[in-house]
Amino acid sequence: MQFAGSHILSIQQFEREDVEQIFTIADRMVPYARRERITRVLDGAILGSMFFEPSTRTRVSFGSAFNLLGGEVRETTGFESTAIAKGESLYDTARVLSGYSDVIAMRHPKEGSVAEFAAASRVPVINGGDGSNEHPSQALLDLYTIRSEVAARGRPLSQLRIAMVGDLRFGRTVHSLCKLLNLFDGVQVVLVSPEALRMPADIVESLRETGHDVLESERLEESIAHVDIVYSTRIQEERFNSQEEADLYRGRFRLNQSIYTHHCEPNTVIMHPLPRDSREHARELDEDLNDNPNLAIFRQADNGLLVRMALFALILDVVDQVDTHARDVGWYTAGRF
Ligand code: NCD
């Protein structure tokens with residue numbers, strides 16, 4: 001695809017070679033994310049960041065990625081702090097904000113809203129999550145992480161076995177990840193969820209049409225026994241009618257160190273888009289896994305910087321200039337990545 005000036009709204013806009021290109025550029029961002037070098041390639045550029053739903057990682061890593069390339073960030077969070085609370089339309093907001101920004105990252109609770117916003121925007125818009133629909137940059141950083149974690153364990157990506165666990169109905173990260181896996185061959189996918197929270201049928205169907213081996217299950221232990229990756233997800237309580245309804249499912253599939261030891265193959269990688277719900281009644285990923293070296297959740301979050309830097313460099317067409325605007329840094333940088 002032509003990246004320069006393009007919106008990033010859905011994983012479905014990518015070909016496999018586009019994904020490879022993003023990953024190659026993400027690899028080149030490591031010294032900048034590690035603060036070994038700094039680049040000012042986006043000096044003067046402005047990222048407009050509009051997050052209408054709670055966000056820690058996505059919002060801050062989009063902002064930090066832009067800062068690490070030398071650009072500045074202007075942001076709004078929540079509806080109350082914007083004129084949408086006064087009745088302004090997405091169209092008007094997009095027309096206005098795109099006059100102040102070079103690129104916009106946006107999250108909104110309604111499916112399709114980011115595309116609607118993008119249609120009115122004069123600058124590229126990146127979907128940071130639209131309701132339960134899609135979260136393309138998360139899927140990219142997830143696959144980037146899967147790729148590096150399986151390689152580190154000497155396993156081929158071409159025979160990937162992955163279990164996705166939890167709220168597969170409303171979880172936009174797993175929706176986008178499945179669509180991304182459709183660009184690859186021969187993946188074994190186990191979809192573990194309560195009956196009411198199954199992966200949407202059209203996504204399951206498209207995995208099968210690609211030729212992937214797909215199994216749906218309601219039993220955690222046997223489903224995680226023969227996979228390379230366990231990808232756990234949070235019950236998306238904000239998409240339910242009530243907390244009581246979400247409570248029916250919270251805590252149904254809990255992975256902890258004991259279950260891991262008894263049921264997983266050695267070195268099975270544990271992932272989660274985060275946040276994990278660490279409250280007593282939930283705990284889909286127990287904190288007793290924190291010292292397990294196969295817990296990749298924080299490496300996964302770190303990789304968000306690399307992938308988002310790569311996306312900005314591609315969309316703003318500065319890939320070849322990143323290193324020419326760079327220099328070494330002198331401050332203390334130990335402990336990152
Ligand atoms: C996810 C999201 O917002 O969809 N978080 C994230 O962006 N890393 C997952 C979640 O909220 O459960």
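Along each chain, residue indices are assigned from 1 in the same order as the chain's sequence is written. Given that the model is predicted, a residue must reach a pLDDT of at least 70 before its local features are reported, and side-chain atom pairs must reach 80 or more before they are shown or counted; all residues, however, enter totals for whole chains, interfaces and linings. Just so you know, side-chain values use all the structure's heavy atoms and leave hydrogens and water out.

Some words on the overall build of the chain
Step number 1: Regarding its fold elements, the chain presents twelve helices and eleven strands.
Step number 2: Radius of gyration (C-alpha) of the chain: 20 Å, near the 20 Å computed for a compact globule of 337 residues.
Step number 3: The principal-axis extents of the C-alpha atoms in the chain amount to approximately 55 × 45 × 40 Å.
Step number 4: Throughout, exposure labels follow a simple rule: accessible area from a 1.4 Å probe, protein chains only, divided by the maximum for the residue type, with under 20% read as buried, over 50% as exposed, and the rest as partly exposed. Burial statistics for the chain: of 337 residues in total, 56% are counted as buried.
Step number 5: Once local pairs closer than 6 in sequence are excluded, the contacts in the chain between residues at least 24 apart make up 77%.
Step number 6: Of the roughly 14,500 Å² of accessible surface on the chain, 47% is carried by carbon and sulfur atoms.
Step number 7: Within the chain, the 50 negative side-chain charges are centred at a point lying 4 Å from the centre of the 36 positive side-chain charges. For helices the rule is a DSSP run of H or I covering at least 4 residues; for strands it is a run of E covering at least 2, with both sets numbered from the N terminus onward. A radius of gyration in this sense is built from C-alpha atoms; the matching globule rule multiplies 2.2 Å by the number of residues raised to 0.38. Every residue pair with non-hydrogen atoms within 4.5 Å of one another is taken to be in contact. Where accessible areas are quoted, they stem from the Shrake-Rupley method and a 1.4 Å probe; at the residue level, only the protein chains shown are allowed to cover. All tallies of charge rest on Lys and Arg as positive and Asp and Glu as negative; His and the ends of each chain are not included. Lys charges are placed at NZ, Arg charges at CZ, Asp charges at CG and Glu charges at CD.

Considerations on the site of the ligand
Step number 1: For the ligand, the full set of nearby residues is T58, R107, H135, Q138, R172, T173, R234, Q236, P273, L274 and P275.
Step number 2: Here an oxygen atom of the ligand and a side-chain polar atom of R107 are 3.0 Å apart.
Step number 3: What qualifies as a polar contact is a pair of N or O atoms within 3.5 Å, subject to a donor-acceptor requirement within protein and to the restriction that residues adjacent in sequence count only when both atoms come from side chains. Between the ligand and the protein, one listed contact pairs a nitrogen atom with a backbone N or O atom of P273 at 3.0 Å.
Step number 4: Alone, the ligand offers 310 Å² of accessible surface; in the complex the protein occludes 95% of this.
Step number 5: Each residue belonging to the shell around the ligand can be placed in one class, and the counts come to three nonpolar, five polar and three charged. Near, as used in this document, describes a residue that has one of its heavy atoms within 4 Å of the molecule or strand being considered. The nonpolar class holds Ala, Val, Leu, Ile, Met, Phe, Trp, Tyr, Cys and Pro. Asp, Glu, Lys and Arg form the charged class, and all remaining residues, Gly among them, are polar.

Focus: the sheet that holds strand 6 (residues 161-165)
Step number 1: Strand order across the open sheet formed by five strands is 8-7-6-9-10, with parallel pairing between neighbours. At either end of the open sheet lies a strand with only one pairing partner, and these are strand 8 (213-217) and strand 10 (269-271). Direction aside, the axes of adjacent strands within the sheet are offset by 15 degrees on average.
Step number 2: Relative to strand 8, strand 7 (residues 188-192) runs parallel, the two sharing five bridges. From the neighbouring strand, V189 faces strand 8, where its bridge partner is V214.
Step number 3: Contacting strand 6, strand 7 and strand 9 (229-232), helix 7 (residues 172-181) runs over the sheet at an angle of about 160 degrees to strand 6. The pairing criterion is simple: DSSP has to find at least two bridges between the two strands. A fitted line through C-alpha atoms represents every axis, and for helices the fit uses only the stretch in contact; the resulting angles, taken between N-to-C directions, go from 0 to 180 degrees.

Points about the nonpolar core
Step number 1: By convention a nonpolar core is built from buried Ala, Val, Leu, Ile, Met, Phe, Trp, Tyr and Cys residues, the set being connected through side-chain atoms within 4.5 Å. Of all hydrophobic cores here, the largest spans 71 residues; its most connected members are I22, L140, I162, M164 and F312.
Step number 2: The leading source of residues in this core is helix 12 (residues 297-315), at ten residues.
Step number 3: Note that the domain bounds were set by an automatic or database domain assignment. When residues of this core are assigned to domains, at least three fall in each of domain 1 (11-134 + 303-328) and domain 2 (136-298).
Step number 4: Sequence-distant contacts of M164, defined by excluding residues within four places in its chain, comprise V174, L177, C178, L181, V189, V190, L191, V192, M199 and Y231.
Step number 5: Core analysis: the second largest hydrophobic core is formed by 19 residues, V190, L220, V230 and Y260 among them.

Some points on the packing of aromatic side chains
Step number 1: Whether two aromatic rings pair depends on their centres lying within 6.5 Å, for rings of Phe, Tyr and Trp, where Trp uses its six-membered ring; planes under 30 degrees apart make the pair stacked, over 60 edge-to-face, and the rest tilted. Tallied over the entire structure, the rule returns seven aromatic pairs.
Step number 2: Each ring, one from F23 and one from Y144, has its centre 5.3 Å from the other, and the planes form 65 degrees; the classification is edge-to-face. With a gap of 121 residues between them, F23 in helix 1 (residues 16-28) and Y144 in helix 6 (residues 136-152) connect regions that are remote in the sequence. The exposure classification of F23 matches that of Y144, with both residues buried.
Step number 3: Cluster of aromatic residues (ring-pair linked, three or more members): F62, F66 and F312.

Re the packing of helix 1 against helix 6
Step number 1: Two numbers describe how helix 1 lies on helix 6: the axes approach to 11 Å, and their chain directions differ by 70 degrees. Of the possible angle classes, the one that applies to helix 1 and helix 6 is roughly perpendicular. Packed against helix 1, whose contacting residues are V19, I22, F23, A26 and D27, the element helix 6 presents L140, L143, Y144 and R147 at the interface.
Step number 2: Here the contact of helix 1 with helix 6 is built from residues that sort into seven nonpolar, no polar and two charged. Small angles under 35 degrees read as roughly parallel and large ones over 145 as roughly antiparallel, with 65 to 115 read as roughly perpendicular and the rest as oblique.

Observations concerning helix 6
Step number 1: Spanning 17 residues, helix 6 covers 24 Å between terminal C-alpha atoms, matching the ideal 24 Å at 1.5 Å per step.
Step number 2: Backbone geometry just downstream of helix 6 places G154 in the positive-phi region, at approximately 70 degrees. Expected span of a helix, by definition, is 1.5 Å for each gap between consecutive residues, and there is one gap fewer than residues.

Regarding the sheet that holds strand 3 (residues 72-77)
Step number 1: Overall, parallel pairing links the four strands, which are arranged 3-2-4-5 in an open sheet. Two strands bound the open sheet, and with one partner strand each, they are strand 3 and strand 5 (125-130). Taken over all neighbouring pairs, the strand axes of this sheet differ in orientation by 10 degrees on average, direction set aside.

Details of the pairing of strand 2 (residues 46-51)
Both faces of the sheet carry side chains from a regular strand, because those side chains alternate between them.
Step number 1: The element strand 2 is largely enclosed, with a buried count of five among its six residues.
Step number 2: With six bridges joining them, strand 2 and strand 3 adopt parallel strand pairing. Bridge pairing in strand 3 links I46 to E72.
Step number 3: Considered for its hand, the β-α-β crossover made up of strand 2, helix 3 (residues 57-68) and strand 3 is right-handed. Call a crossover right-handed when, viewed with both strands pointing away from you, the route from the first strand across the helix to the second goes clockwise.

Digging into the domain arrangement of the chain
Step number 1: Domain assignment breaks the chain into domain 1 (11-134 + 303-328) and domain 2 (136-298).
Step number 2: Just the C-alpha atoms count here: the centres of domain 1 and domain 2 sit 25 Å apart.
Step number 3: Three residues, I11, R16 and F23, lead the burial of domain 1 against domain 2; their summed loss comes to 26% of the area buried on that side.
Step number 4: Within this document, salt bridges are pairs made up of a side-chain nitrogen of Lys or Arg and a carboxyl oxygen of Asp or Glu, the two lying within 4 Å of each other. The tally of links from domain 1 across to domain 2 stands at four salt bridges.
Step number 5: The partner of R147 in a salt bridge is D27, and the shortest N-O contact between them spans 3.3 Å.
Step number 6: Where domain 1 packs against domain 2, one counts twelve residue pairs in polar contact (both at pLDDT 80 or more).
Step number 7: Counting residues per element, the ones that place at least two in the side of domain 1 that touches domain 2 are helix 1, helix 3, strand 4 (103-108), strand 5 and helix 12.
Step number 8: It is helix 1 that contributes the most residues to the side of domain 1 that touches domain 2, seven residues altogether. When two parts are put together, the accessible area they lose, computed with a 1.4 Å probe and summed over both, is reported as buried area.

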